[in-house]
Amino acid sequence: MQYYKLATSSIGWLPRVNVLLPDGYDTSRRYPVLFLLHGGGENYSTFDTKYDIRNHTAGRDLIVVMPDGGHGSFYIDATFSTGHTRNWETFHHEQLIPWIDANLRTIPTRAARAALGISMGGYGALKYGARFPDRWSSVTGISAPSDTLFLPLQL
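Summarised in this report is the structure supplied together with it. Residue numbers restart at each chain and count upward from 1, following the sequence in its written direction. The predicted origin of the model limits local features to residues at a pLDDT of at least 70 and limits the giving and counting of side-chain atom pairs to 80 or more, whereas totals for whole chains, interfaces and linings rest on all residues. Only heavy atoms go into the side-chain values, all of them from the structure, while hydrogens and water stay out.

**A look at the overall build of the chain**
Alright, step 1. Across its full length, the chain carries five helices and eight strands.
Alright, step 2. Along the chain, helices (α) and strands (β) appear in the sequence β-β-β-α-α-β-β-β-α-β-α-β-α when read from the amino end.
Alright, step 3. Both definitions apply: the radius of gyration is a C-alpha atom measure, and the globule rule equals 2.2 Å times residues to the power 0.38. Since a compact globule built from 155 residues should have a radius of gyration of about 15 Å, the 15 Å found for the chain is in line with a globular shape.
Alright, step 4. Structurally, the chain occupies a C-alpha span of about 45 × 30 × 30 Å along its principal axes.
Alright, step 5. Partly exposed residues are those whose accessible area sits between 20% and 50% of the maximum for their type, while under 20% is buried and over 50% is exposed, using a 1.4 Å probe and protein chains only. Counting only residues that meet the buried cut, the chain has 45% of its 155 residues in that class.
Alright, step 6. Once local pairs closer than 6 in sequence are excluded, the contacts in the chain between residues at least 24 apart make up 69%.
Alright, step 7. Shrake-Rupley sampling with a 1.4 Å probe provides the accessible areas, and residues are treated as covered by the protein chains on show and by no other component. Split by element, the accessible area of the chain, about 7,600 Å² in all, is 51% carbon and sulfur.
Alright, step 8. Side-chain charges of the chain comprise 14 positive and 13 negative groups, with the mean position of each set lying 2 Å from the other. By definition, any uninterrupted DSSP run of H or I lasting at least four residues is a helix, any uninterrupted run of E lasting at least two residues is a strand, and each is numbered from the N terminus. The contact rule is simple, with two residues in contact once any of their heavy atoms fall within 4.5 Å. For the charge count, each Lys or Arg is scored as positive and each Asp or Glu as negative, with His and the chain ends excluded. In plain terms, the charge of a residue is placed at NZ if it is Lys, CZ if Arg, CG if Asp and CD if Glu.

Quick look at the structure:
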């Protein structure tokens, strides 16, 4: 497991990212990437501490990326009345994905990139797939909210 804090103007602090490399990570090979999006009130470490992602992916040839997504962001771009910027969608698509592809031995194509999220993260994964179909080959939302009318009230 590798841990990063990334400098970005899209978020009002240094968002964190856990990256799980496959067993025997070989820099002469390239790997598909699975992005895991956490639920509300959780963070980048949830899949490691709560869902035992290391054991679930042991022996699989893929890179798993677990980024911060804000406590109640629903993975959107938003500027709050306080002036704080939380542009999670921009951070993930315009900065994080290119950074991952530039710094790790990924297969940097749509065909080799998937997203899975739980609850708020499930909504984010489904939204990302709908908004950016050229970047995601597969998206999965587990217990994703389907009624988006309440979302502005949560932000």
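Still to come is the rest of the account.
**Quick notes on the nonpolar core**
Alright, step 1. Here the nonpolar core consists of buried residues drawn from Ala, Val, Leu, Ile, Met, Phe, Trp, Tyr and Cys, with membership extended through side-chain atoms lying within 4.5 Å. Core analysis: the largest hydrophobic core is formed by 26 residues, its most contacted members being Val19, Phe35, Ile63, Val65, Leu96 and Trp136.
Alright, step 2. Within the residue set of this core, elements represented by two or more residues are β2 (16-20), β3 (33-37), β4 (63-67), α3 (88-103) and α4 (120-131).
Alright, step 3. Ranked by residues supplied to this core, first place goes to α3 with five residues.
Alright, step 4. In contact with isoleucine 63, other than residues within four places in its own chain, are Val19, Leu20, Leu21, Pro22, Tyr25, Tyr31, Pro32, Val33, Leu34, Leu104, Arg105 and Thr106.
Alright, step 5. Listed in part, the 10 residues of the second largest apolar core include Phe47, Ile53, Val64 and Ala114.

**What about the pairing of β3?**
Alright, step 1. Where burial is concerned, most of β3 is hidden: five out of the five residues are buried.
Alright, step 2. The alternating pattern of β3 places Val33, Phe35 and Leu37 and Leu34 and Leu36 on opposite faces, both of which are buried.
Alright, step 3. A strand pair is defined by DSSP finding two or more bridges across the two strands. In terms of strand pairing, β3 meets β4 through three bridges, oriented parallel. In the strand pairing of β4, leucine 34 is matched with valine 64.

**What about unusual backbone geometry?**
Alright, step 1. In this structure, aspartate 52 is a non-glycine residue whose phi angle is positive, near 55°.
Alright, step 2. Judged by its relative accessible area of 36%, aspartate 52 is partly exposed.
Alright, step 3. Look at phenylalanine 74: it is not a glycine, yet its phi comes out positive at around 55°.
Alright, step 4. Take phenylalanine 74: it is sitting in the loop between β4 and β5 (77-79).
Alright, step 5. Since its relative accessible area comes to 10%, phenylalanine 74 is described here as buried.

**A few points about empty space enclosed by the protein**
Alright, step 1. Residues are said to line a cavity or pocket when one of their atoms sits within 4 Å of a point; the points come from a 1 Å grid over protein atoms alone, cavities being sets where a 1.4 Å probe fits but cannot get out and pockets being open sets with protein on both sides within 12 Å along at least five of seven lines. Grid points are joined across faces, edges and corners, and a volume is the space filled by probe spheres set on the points. With the rule as written, the count across this model stands at one cavity of 30 Å³ or more.
Alright, step 2. Of the volumes computed, that of the largest cavity is approximately 50 Å³.
Alright, step 3. For the lining of the largest cavity, the secondary-structure elements that each account for two or more residues are β3 and α3.
Alright, step 4. Considering every element that reaches the lining of the largest cavity, the biggest residue donor is α3, with three residues.
Alright, step 5. Looking at the lining of the largest cavity residue by residue, the class counts come to eight nonpolar, one polar and no charged. Residue type decides the class: Asp, Glu, Lys and Arg count as charged, Ala, Val, Leu, Ile, Met, Phe, Trp, Tyr, Cys and Pro as nonpolar, and the leftover types, Gly among them, as polar.

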